[in-house]
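# Structural features, examined
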Amino acid sequence: MTINRQLVLCTLASYLSSLPGEDLQHQVECLDAFSATGLMGLTWKKRFKSTVNVTVCDNNDTAIRLIEENCSLNNVCTRTTPFCSAERTRPTYYYKGANSNCEAEAKENQSHEKDSRVNGAADAAIEVLHTDANIILHQRGFDFVHLDPYGSAVNFLDATFRNTRNGGIVTVTATDISSLFGKCPQVTLRNYCSFNLKTEYVKETAARILISAVVRAAAKCNKGIEVLVTAALEHFVFVAVKIHRGAKFADMCVNKIQEVLHCQICEERVFLPDSHAPLENAYLLLPCDCHKEKPGKTAVKLGPLW
């Protein structure tokens, strides 16, 4: 997954470089929603330092312990939020670091501010959240969100686009390649409301199916997207999008989700037009004449996809 981390890092670097000077006066809020060992968040903090306010999240006790250990090895302070239960509505922050000065400064900041996210040691620290990703995404807004769950990311897209700020970036890494690459059509239909086959362009189709799921999730919040980066490799599909708030952008993106007519003989394909009237002979849209030369059904519909 080294390539995946490099893609995310380059996307974040490009986003920071595109921000005007007045926006960089405030820290860019970044979230790694499925941090595991904390490597992604550590890379962000070590590379961009005080420019970004990094939050890493995981719902596993072992992952939280590994994140704190890795931060200590890299001389990066952490402020950890324990698992939020029904009895504790206000989280308590525990500051840990490689030296006592960081911890002392953090305690001093806590005594002066009700919110632990303040200047000084708190800004230099990585916030570690022991909670479910959907909870933090519903509660707080971020400028940059990275989703890399185990398997499909569709269960977290609605929460992601609810509070992610206008002009922010969302990167999604999907590792459920068996469904995206058409090996399990029923799972593809269940998770993405789409259909895919193993074709010569199956990776492109997989990326477009993932983008269509992202578009539908953003449209529910009256937001549209601009696709920045797509990559479909052997083990994952990566997509980076920029958010544009407004029903107009949402409608424009939703209208781009269409079905594809795919010829099973020569693998020619064409997007089906968005029409309320049924097509008398959809085969005529294909540039090939396989339907005339071969008997039976020579073409199938793929998608809907972006």
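Quick note: structure is the one above.
In short, a report on the structure. (Residues numbered from 1 in each chain as written. Predicted model: local features only at pLDDT ≥ 70, side-chain atom pairs only at ≥ 80, totals over all residues. Heavy atoms only, no water.)

Two numbers describe how helix α7 (residues 154–163) lies on helix α10 (residues 202–219): the axes approach to 8 Å, and their chain directions differ by 40°. As judged from the angle between their axes, α7 and α10 are oblique. The chirality of how α7 crosses α10 is right-handed. For the pair α7 and α10, contact is made by Val154, Leu157, Asp158 and Phe161 and by Ala213, Val214, Ala217 and Ala218, respectively. (Axes fitted to C-alpha atoms, helices over the stretch in contact; angles between N-to-C directions. Helix = DSSP H or I, 4+ residues; strand = E, 2+ residues; numbered from the N terminus. Parallel < 35°, antiparallel > 145°, perpendicular 65-115°, else oblique. Left-handed = near helix turned anticlockwise from the far one by under 90°. Contact = heavy atoms within 4.5 Å.)

Enumeration according to the criterion identifies 2 aromatic pairs in this entry. Pairing Phe34 with Phe156 gives two aromatic rings, centres 4.7 Å apart and planes at 75°, and the pair type is edge-to-face. One end of the pair, Phe34, is in the loop between β1 (28–32) and α2 (39–48); the other, Phe156, is in helix α7, and 122 residues separate them in sequence. With a centroid separation of 5.5 Å and 90° between ring planes, the pair formed by Trp44 and Phe144 is classed as edge-to-face. You can see Trp44 sitting in helix α2 and its partner Phe144 sitting in strand β6 (residues 144–147), a full 100 residues away along the chain. Trp44 gets classed as buried once you look at its relative accessible area, which sits at 0%. A relative accessible area of 0% means that Phe144 is categorised as buried. The side chain of Lys248 reaches across the aromatic face of Phe249, ending 5.2 Å from its centre. (Phe/Tyr/Trp six-rings, centres within 6.5 Å; stacked < 30°, edge-to-face > 60°. Buried < 20%, exposed > 50% of the residue type's maximum accessible area, 1.4 Å probe, protein only. Lys NZ or Arg CZ within 6 Å of the ring centre and 35° of its normal.)

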